[in-house]
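What follows is the residue order along each chain.
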2 protein chains.
Amino acid sequence: MALIVQKFGGSSVANPERVNHVADIICDTYRKGYDVVVVVSAQGDTTDDLIEKAKEINPNASKREMDMLLSAGEQISIALLAMAIEKQGLPVCSLLGWQAGVHTDAIYGNSRIRRVDTERMTAELSKHNILIVAGFQGINKFDDITTLGRGGSDTSAVSLAVALKAEKCQIFTDVDGVYTADPRIVKNAQKLDEINYNEMLELATLGAQVLHNRSVEMAQKYAVELEVLSSITNNKGTIVKENVEVEKTIIRGVAKDDNIARISIVGLQDVPGVAFKLFDRLAQKRVNVDIILQSVGRDGTKDITFTVSRDQQEVAMEVVTAFDPQAKVSCDNNISKVSIVGSGMESHPSVAAKMFEALYAADINIQMINTSEIRISVLIDINDSNKALKAVHDAFIK
Amino acid sequence: MALIVQKFGGSSVANPERVNHVADIICDTYRKGYDVVVVVSAQGDTTDDLIEKAKEINPNASKREMDMLLSAGEQISIALLAMAIEKQGLPVCSLLGWQAGVHTDAIYGNSRIRRVDTERMTAELSKHNILIVAGFQGINKFDDITTLGRGGSDTSAVSLAVALKAEKCQIFTDVDGVYTADPRIVKNAQKLDEINYNEMLELATLGAQVLHNRSVEMAQKYAVELEVLSSITNNKGTIVKENVEVEKTIIRGVAKDDNIARISIVGLQDVPGVAFKLFDRLAQKRVNVDIILQSVGRDGTKDITFTVSRDQQEVAMEVVTAFDPQAKVSCDNNISKVSIVGSGMESHPSVAAKMFEALYAADINIQMINTSEIRISVLIDINDSNKALKAVHDAFIK
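Residues numbered from 1 in each chain as written. Chains lettered and ligands numbered in written order. Predicted model: local features only at pLDDT ≥ 70, side-chain atom pairs only at ≥ 80, totals over all residues.

Trainee: Would you take a moment to explain the overall build of chain A for this structure?
Mentor: For chain A, the count of helices and strands is 11 helices and 20 strands. By the compact-globule yardstick of 21 Å for 398 residues, chain A fits well, its C-alpha radius of gyration being 23 Å. Seen through its C-alpha atoms, chain A measures out along the principal axes to roughly 75 × 50 × 35 Å. A separation of at least 24 residues holds for 74% of the contacts in chain A among residues at least 6 apart in sequence. (Helix = DSSP H or I, 4+ residues; strand = E, 2+ residues; numbered from the N terminus. Rg over C-alpha atoms; globule rule 2.2 N^0.38 Å. Contact = placed C-beta atoms within 7 Å.)

This is the structure:
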C-alpha cells in the first residue's frame, strides 16, 4: 500500500480545535487507502515555555539535560494527536523518536540523524495503525535522547519518508505553499505550484521559513517529493521536486533577511594565509560566515568584510578583535540582505543588471553583492528592505 | 560506597525555588560521601493539567496514549532537577524509567514493576554521577511506556533501592513524618520516630497518604529501611522498618477514610455459592471490596453488606443491581471509616472495648465493625468522623 508521510508544525496543533482538525486531515488520507505516518512538533509555545523553565533554574544547563527537557514537548503532542484519532475510531499508535528507530549522532542539542531502524514502524504499519511520531528527536549511541535543533521536525519527516520509501512527504504549515515573496510584505506575491530542490534550498537558507534547509537537502539527495501546504485551508500546496517545468518567470522568488550583521576589518597585515587563519578561527567558534569580500587596503594592507547572523555577531567580533591588534574593526547590523532565486537565471545573463536597475529606480544604495548560479544577493540599508523586496519582485514577477 | 535512594514528590519540586532546595538536599547527601539515586514525580499540578488536556480532546483516550502523555511530566521534572544540580557543580545524569531499566508488566495505566536492569545505573554511578530517575514510569515488553498509577513514584523509589541494594530509601514529602493522626484534624497528634511495616501498611491503606501501600509491601518483602521526612524542614523523620521497639502506646495511629460507600443487598436467595458469584463479578469489574458483612435475612434469604471506595460505587451498584432482580439494593455514602492501628493490640485484648467506649462517650453510633490482628475499623456517620478521630486518639495516645 502506498505510504504518505505528513508533518505538522507546532502552530498546527496549538489547541484542541487544531489538533482535531489535523486528525481530520490524517483520517481523510487514511480512509483514501494510504498508510499514514505523521510527524508532529511540540504544541504552540511549549518549547519556548520549557526553555524559559530551564533558564529560571540554570541558564547554563547542559545540552543533554536540555534535550531531555525539550523532547517532552513532542511527547505531549503525539499522545494528544493519537487520542484525537482514536476518537474517530481509527487504529493509531504514537511513537517517540527512539521507538520509531531514529538514531542520531552523539551531539546534543543539534544532532543529525544517522539512520532509521524501521522495524517497529513496519510492524505497526502491518497492523494498519496510523503512526504518530515525535519530530525533532532521536536517540544516540548512549541511549540518550537527542534533539535535531530548531526546524528539525521537517528533517524527521523527510528521514522517515526516505526510510519507509514513502510516495511523498507533505509538510503542513500555516501558509499554503511557497510564495514568490513573503505575502505579508509583497501584496501581489504569488504561490508557486512547483519549485525545484536547489531553488527551495536557496530560499530556505535565505530565510523563507517554510522548510528547514537540512530537510530539503535530504529530500534532494534521496529524491523524495515534498509538498508544502496549509493545515488550515484545503488549497493545493507547492510541490518541491527535481525537475520543474521552466515557467515564463526566470525568477522563482525573492527573499530578504534582516537578521544579519556585517563585520569589517581594515588594515590587516598582507601576508599569505591571513584570510585562512581568520576564517579558521571563526569556524572553530562555530560562526557561520555568509558573504565574504576582500579588497586591497592602504600601505600594503588588506581589508576583509563579511556577514554573519546577528546572534553570532558578538562571538565573531571577539574573534576578529583578538586576531590582529593593528587592524581596525567595525560592525554594522543596520543592514538587510535581499536576494532573488531562480534556476532560470543561469541562462539569462541580464538578470543581475535588471535587479540592480530596479533598486536604482527605487533609489536604494547597494552596499555589497554576492551571487551563486541560481541566486543574486545584495546588502542594503535595513530601512530600505521592504521597499527593495517590492521593487525587485515587481521587476521580475508579473 | 553506601548508596541512598531519595524520593521527592510533586509538591517538593513545584517551582524553581523548591527545585533548588531539593538540589541542596541531594548535594548535601552526595558531599557526605554517599552515592545518591533520586526518584522524582511530576511538578505540582502537571499530571492533572495533562489529564485535563487529554479530556478536552478525548475523554475515552486509550490507557497506552495516556501513559505516553503523563510520563512527559516526570521527564520535565528530572531534567529541571538535574539542571539545578549541575548549577552546584556536581556530576549528574537524569534517566527516564526505561533508561533506568525499570521493566513493568504490559498493563497500561496501572502497571507493576517486574524487574529493574541496573546496568545503565551502575555504569553512571561508577562515574560518580548523581542519578535523577523519573518515578511513576517504566517500559513494557512492547517497548512502550507504562505508568505505575497514582503514588507509583514511591514504588519506583523502593524498587530502585532494592535493585541497587541501597542502605536506605528516604521518602521526602510535605509532612515531616508519620503521625499518630492527621495533624490537621487532631491538634495533639504526635510524630512517630519509628513504625513497623505492617502498621505502616495498615495506615497507608487506611488513607494516611504519606506512603503508597504497594511501596511499603515491597520494602517489607526486601527489608528496605524507609524514612519518611519533610523536604521543607530539616527535622528527623519517621523510620519504617521491621523491628520497632514497643513503646508505651499500644496504638501507633488512628486514621479515617471518608471516601467510602456502603452497599447493601437484602433478600438474596440463600443458595450455595451466591457470595462467591457476587464478589467474583465485582472482581471482574476490578472493584476493590473492603469490609464485608453477611447475615441471615427473612424467609430463608441472606443479606450482604460491603464497602467500596466512592469512585467505584457506580460500577459496584451496576453489578449488584443486575445480580439478583429479587433482592433489594441500597447504597449509602454518608459514612466514614475510623481505624486504630498498632502491633501492640495483639497482646492487649481490651483495645476494642476501649475504642468502643471512647466512641460511646462521644455519643457516636457504630454501624459496622471490622478487625485485623493489628487494626480495628468502625463505620460511622460521616458527620461524626472528625469527632470520632479525636475521641479515639485521646483515648489511646497521651
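Trainee: Is there a simple way to think about helix H6 (residues 197-205) of chain A in this case?
Mentor: Each α-helix turn comprises 3.6 residues. Residues three or four places apart therefore point the same way. All names here are of chain A. For H6, the buried fraction is high: 8 of the 9 residues fall into the buried class. Residues of H6 that are buried: Tyr-197, Asn-198, Glu-199, Met-200, Leu-201, Glu-202, Leu-203 and Ala-204. Looking at the packing, one finds that the buried side of H6 touches strand S10 (194-196), helix H7 (213-221), strand S12 (238-241), strand S13 (253-257), strand S18 (335-341) and strand S20 (375-381). (Buried ≥ 20, exposed ≤ 12 C-beta atoms within 10 Å, placed from the backbone.)

Trainee: Explain the sheet that holds strand S9 (residues 168-173) of chain B here, please?
Mentor: The strands that make up a sheet pair up through hydrogen bonds in the backbone, lying either parallel or antiparallel. Residues and elements named next belong to chain B. Strand order in the open sheet formed by 8 strands is S3-S6-S2-S1-S9-S11-S12-S10, and the pairing between neighbours is mixed. The two strands at the open ends of the sheet, each matched to only one other strand, are strand S3 (92-95) and strand S10 (194-196). Pairwise comparison of adjacent strand axes, ignoring direction, gives a mean angle of 20° for this sheet. Relative to strand S12 (residues 238-241), S10 runs parallel, the two being bridged by 3 bridges. Directly across from Ile-195, in S12, lies its bridge partner Val-240. Helix H6 (residues 197-205) rests against S10 and S12 of the sheet, and its axis sits at about 85° to S10. (Pairing = 2+ DSSP bridges. Axes fitted to C-alpha atoms, helices over the stretch in contact; angles between N-to-C directions.)

Trainee: Would you take a moment to explain the pairing of strand S2 (residues 35-40) of chain A for this structure?
Mentor: Put simply, side chains in a regular strand alternate between the two faces of the sheet. Of all the 6 residues making up S2(A), 6 are buried; the element is thus mostly covered by neighbouring parts of the structure. Viewed along the sheet, the connection from strand S1 (residues 3-8) of chain A through helix H1 (residues 16-31) of chain A into S2(A) turns out right-handed. (Right-handed = clockwise from strand over helix to strand, strands pointing away.)

Trainee: Hey, could you run me through the relation of the copies chain B and chain A in this one?
Mentor: Copy one and copy two of the chain differ by a rotation about a common axis and a shift along it. For these two chains of identical sequence, chain B goes onto chain A by a turn of 180° and a shift of 0.0 Å along the axis, with RMSD 0.2 Å. The transformation relating the two chain copies, once decomposed into turn and shift, fits a two-fold axis. The position closest to the rotation axis in chain B is occupied by the C-alpha of Ala72(B), lying 2.6 Å away. Looking at the interface residues of chain B, 100% of them are also at the interface in chain A, so both copies use one shared face. (Least-squares fit on C-alpha atoms with pLDDT ≥ 70 in both.)

Trainee: Sorry if this is basic, but what is going on with the interface of chain B and chain A here?
Mentor: Much of the literature gives interface size as the accessible area that the parts lose upon coming together. In this assembly, 28 residues from chain B lie in contact with 28 residues from chain A. When residues of the side of chain B that touches chain A are assigned to their parent elements, the largest contribution, 14 residues, is made by helix H3 (residues 63-87) of chain B. Classifying every residue of the side of chain B that touches chain A by side-chain character gives 16 nonpolar, 6 polar and 6 charged. (Nonpolar A, V, L, I, M, F, W, Y, C, P; charged D, E, K, R; others polar.)

Trainee: What exactly am I supposed to notice about the nonpolar core here?
Mentor: Buried together is how nonpolar side chains tend to be arranged in soluble globular proteins. Membership of the largest hydrophobic core comes to 234 residues, with the highest contact counts inside it found for Val38(A), Leu81(A), Val133(A), Val38(B), Leu81(B), Ile132(B) and Val133(B). If near-sequence neighbours (up to four positions away) are discounted, Val133(A) is found in contact with Val37(A), Val38(A), Val39(A), Ile78(A), Leu95(A), Ala100(A) and Leu160(A). (Core = buried A, V, L, I, M, F, W, Y, C linked by C-beta atoms within 7 Å.)

Trainee: How should the sheet that holds strand S16 (residues 301-309) of chain A be read in this particular structure?
Mentor: Residue and element names in this part refer to chain A. Across the sheet, which stays open at both edges, the 4 strands sit in the order S15-S16-S14-S17 with antiparallel pairing between neighbours. In the strand order of this sheet, the two ends are held by strand S15 (292-296) and strand S17 (328-332), each with one partner. Here the strands of the sheet are splayed against their neighbours by 15° on average, with no regard to which way each runs. Here strand S14 (residues 260-269) runs beside S17; their pairing, made up of 5 bridges, is antiparallel. The residue bridging Val-266 from the neighbouring strand is Lys-328, located in S17. Helix H9 (residues 313-323) rests against S14, S16 and S17 of the sheet, and its axis sits at about 5° to S14.

Trainee: What is the right way to look at the pairing of S13(A) in this model?
Mentor: Residue and element names in this part refer to chain A. For S13, the buried fraction is high: 5 of the 5 residues fall into the buried class. Of the two faces of S13, the one holding Gly-253, Ala-255 and Asp-257 and the one holding Val-254 and Lys-256 are both buried throughout. Note: S13 against S18, 5 bridges, orientation antiparallel. In the sheet register, Lys-256 faces S18, and the bridge partner there is Val-338.

Trainee: Help me understand unusual backbone geometry, please; the structure alone is not making it clear to me.
Mentor: Excluding glycine, most residues fall at negative phi; most peptide bonds, likewise, are trans. Residues other than glycine seldom take positive phi values, yet Ala223(A) does so here, at roughly 55°. Residue placement: Ala223(A) occurs in the loop between H7 and strand S11 (226-230). When the 10 C-beta atoms within 10 Å are taken as the criterion, Ala223(A) is described as exposed. Here Phe136(B), not a glycine, exhibits a phi torsion of approximately 75°, which is positive. For Phe136(B), the position within the fold is in the loop between strand S6 (130-134) and strand S7 (137-139).

Trainee: Looking at this structure, how should I read the environment of Asp143(B)?
Mentor: Assignment of secondary structure puts Asp143(B) in the loop between S7 and strand S8 (145-147). Spatially, the C-alpha atoms of Asp143(B) and Asn386(B) are 47 Å apart, while their sequence positions differ by 243 residues.

Trainee: Explain the packing of helix H8 (residues 274-284) of chain B against helix H9 (residues 313-323) of chain B to me, please; I cannot follow it from the model alone.
Mentor: The description of two packed helices rests on the angle between their axes and on the distance between the axes. All names here are of chain B. Between H8 and H9, the least distance of the axes is 10 Å, while the angle of their chain directions is 145°. You can see that H8 and H9 cross each other, and the crossing is right-handed. Facing H8, whose interface residues are Leu-278, Arg-281 and Leu-282, H9 presents Ala-316, Val-319 and Phe-323. When grouped by side-chain class, the residues that make up the contact of H8 with H9 number 5 nonpolar, no polar and 1 charged. (Left-handed = near helix turned anticlockwise from the far one by under 90°.)

Trainee: Quick question: what am I supposed to make of the environment of Gly151(B) here?
Mentor: Residue and element names in this part refer to chain B. Among the secondary structure elements, Gly-151 is positioned in the loop between S8 and helix H5 (152-163). By the C-beta count within 10 Å, which is 18 here, Gly-151 ends up partly exposed. The spacing of Gly-151 and Ser-41 is 110 residues in sequence and 9.0 Å in space, taken between C-alpha atoms.

Trainee: Would you take a moment to explain the packing of helix H2 (residues 46-57) of chain A against helix H3 (residues 63-87) of chain A for this structure?
Mentor: Residue and element names in this part refer to chain A. Close contact between H2 and H3 brings their axes to 9 Å; oriented N to C, the two are set at 150°. Taken as axis vectors, H2 and H3 run roughly antiparallel relative to one another. The crossing of H2 and H3 is right-handed. Here H2 contributes Thr-46, Thr-47, Leu-50 and Ala-54 to the contact with H3, which in turn contributes Met-66, Leu-69, Leu-70, Ala-72, Gly-73 and Ile-76. Taken together, the residues of the contact of H2 with H3 sort by class into 7 nonpolar, 3 polar and no charged. (Parallel < 35°, antiparallel > 145°, perpendicular 65-115°, else oblique.)

Trainee: Teacher, can you tell me more about the environment of Ile57(A) here?
Mentor: In this structure, Ile57(A) sits in helix H2. On the neighbour-count criterion, Ile57(A) (24 C-beta atoms within 10 Å) is buried. Sequence separation of Ile57(A) and Gln75(A) is 18 residues, and the distance between their C-alpha atoms is 22 Å. Those residues within four positions of Ile57(A) in sequence are excluded, and the remaining contacts are Pro16(B), Val19(B), Asn20(B), Leu80(B), Met83(B) and Ala84(B).

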